[in-house]
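# Observations on chain architecture
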Amino acid sequence: MIFESLPTTPRSDELIDKAFSRAARSGRAKQNKLEAQQSMLQTASNILSDNLENVVVEWPDFETVDPFYYELADAIVDVDEVRKSLSEIMWASRQVDNIAREYQPKLRKTDADLARKHRKQAFARMASVVEEVEDDLLRIGEARDALKGLPDIRPDEPAIVVAGYPNVGKSSFVNDVTRASNEIARYPFTTKGVQIGHFDRERIRYQIIDTPGLLDRPEDERNDIERQAVSALEHLADAVIFVADASGECGYPIESQLELRDAVKARFEERNIPVLTVCNKSDRSTDMEADLYMSVETGENVDAVLDAAADAIGFSPDIPPSRNE
């Protein structure tokens, strides 16, 4: 996942202490006092400039990030603010380098005492620059902590999003069709773990995703961040399975379930994403119109639902041409 490997972001005081302590060690290693001042300046500037630059380059380019992850990140941390902070940190890296370049000639043809004075001036200016981006470093560190735990969903693999009110059997369905322990990941804005499973059809791997807290209640009950997260799912989903329960055991009347279905359908069909209505617990009731009927408990028509979703997606992997073509 693109945010998982982001390194820890240093605080400004940590970075300054690291640079200046190593600079002092490098100076003590020199016999010539003038060379010691030059070495200290170069060591400190390298550590500060390189570490600040590394904070920036380790982040992905948001211009090329998949729309799913872009909108998801934006819902959590405000991408524009992150980009501004990254820009400020890169500015600081370049400023430190410029300060070093400005003072290097001053430390070459002078005596050791004046060189020490110039080096201390350079250190003070470098520290001031790093302290100026203290808030930006904190913001990037907080953003990294918020994003690193996002679920590992691959936008290049076909994805089926499961929707429907709570207790209709969504999680049981995802568990059953994947027949394995699924990944449980957490969005910062959901109270339950996002369940992600996989299944294969005709040598194609499909992702199947249940997102409790997002697509299990009406639009007007979601906050702004949750609405943006749903918008992110629109970029990810290749098909939606809306699971309903006609038996009444879920605690929601059929009319309310179908109203939610219609809202989900209207939203996803704007992007031409097919939405299949599936009546679960068909061994207890089929008293509703649906595209398919199944019972996860008995296993009835579960595979047929997967086949229908795969057919609705119509995914064709890129197969390299044979040498004879």
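What counts and what doesn't
- Residues numbered from 1 in each chain as written.
- Predicted model: local features only at pLDDT ≥ 70, side-chain atom pairs only at ≥ 80, totals over all residues.
- Heavy atoms only, no water.
- Helix = DSSP H or I, 4+ residues; strand = E, 2+ residues; numbered from the N terminus.
- Rg over C-alpha atoms; globule rule 2.2 N^0.38 Å.
- Buried < 20%, exposed > 50% of the residue type's maximum accessible area, 1.4 Å probe, protein only.
- Areas by Shrake-Rupley, 256 points an atom, 1.4 Å probe, with all protein chains shown as cover.
- UniProt positions renumbered as here; feature names shortened; annotations may be inferred.
- Domains from an automatic or database assignment.
- Contact = heavy atoms within 4.5 Å.
- Buried area = accessible area lost by both parts, 1.4 Å probe.
- Nonpolar A, V, L, I, M, F, W, Y, C, P; charged D, E, K, R; others polar.
- Arc of directions from axis to C-beta.
- Axes fitted to C-alpha atoms, helices over the stretch in contact; angles between N-to-C directions.
- Parallel < 35°, antiparallel > 145°, perpendicular 65-115°, else oblique.
- Left-handed = near helix turned anticlockwise from the far one by under 90°.
- Pairing = 2+ DSSP bridges.
- Salt bridge = Lys/Arg side-chain N within 4 Å of Asp/Glu carboxyl O.

A few words on the overall build of the protein chain. Within the protein chain, the regular secondary structure consists of ten helices and seven strands. The C-alpha atoms of the protein chain give a radius of gyration of 28 Å, which is well past the 20 Å a tight globule of 325 residues would have. Split into buried and exposed, the 325 residues of the protein chain put 48% on the buried side. Approximately 16500 Å² of the protein chain is accessible, and the part contributed by carbon and sulfur atoms is 42%.

With that settled, consider the UniProt feature "domain: NOG1 N-terminal helical" (unreviewed entry) in the protein chain. Under the local residue numbering, the UniProt record ascribes the feature "domain: NOG1 N-terminal helical" (unreviewed entry) to residues 3-153. End C-alpha to end C-alpha, residues 3-153 measures 12 Å, and it is 75% helix and 0% strand.

According to the domain assignment, the protein chain consists of domain 1 (10-146) and domain 2 (157-311). Taking the mean C-alpha position of each, domain 1 and domain 2 sit 48 Å from one another. Between domain 1 and domain 2, the contact holds eight residues from the first and eleven residues from the second. When domain 1 packs against domain 2, the two sides together hide about 870 Å² of surface, and 68% of this comes from carbon and sulfur. Taken as a group, Phe68, Glu71 and Ala75 account for 61% of the area that domain 1 buries against domain 2, more than any other trio of residues on that side. Per-class residue counts for the side of domain 1 that touches domain 2 are six nonpolar, no polar and two charged.

Right, let's talk about helix 7 (residues 170-178) for a bit. Turning to helix 7, its buried residues are Lys170, Phe173, Val174, Val177 and Thr178. Down the axis of helix 7, the buried set is contained in an arc of 115 degrees. They therefore lie on one face.

With that settled, the discussion passes to the packing of helix 3 (residues 67-77) against helix 6 (residues 134-147). As a packed pair, helix 3 and helix 6 sit with axes 10 Å apart at the nearest point and diverge in direction by 120 degrees. When the axes of helix 3 and helix 6 are compared, the pair comes out oblique. The crossing of helix 3 and helix 6 is right-handed. Taken together, the residues of helix 6 that come into contact with helix 3 (itself represented by Ala73, Ile76 and Val77) are Ala143, Ala146 and Leu147. Each residue belonging to the contact of helix 3 with helix 6 can be placed in one class, and the counts come to six nonpolar, no polar and no charged.

Let us look at the pairing of strand 4 (residues 204-210). By the criterion of burial, strand 4 is predominantly enclosed, with six of the seven residues buried. Bridge count between strand 1 (residues 159-163) and strand 4: four bridges; the pairing is parallel. Across the sheet, the residue bridging to isoleucine 160 is isoleucine 208, located in strand 4. In this structure, strand 3 (residues 194-201) lies alongside strand 4, joined through seven bridges in antiparallel fashion. Across the sheet, residue histidine 198 finds its bridge partner in strand 4, namely glutamine 207. Counting the residues between successive antiparallel strands, the hairpin from strand 3 to strand 4 contains two residues, one of them, glutamate 202, with a positive phi of roughly 50 degrees.

The next point concerns the pattern of salt bridges. The tally for this structure, following the rule as stated, stands at 24 salt bridges. Here aspartate 97 ties to arginine 101 by a salt bridge, and the two come within 2.9 Å at their closest N and O atoms. In this pair, aspartate 97 and arginine 101 both sit in helix 4 (residues 79-103), four residues apart, roughly one turn of the helix. Salt bridges sharing partners connect three or more residues here, namely Asp245, Glu249, Lys281, Asp283, Arg284 and Glu297.

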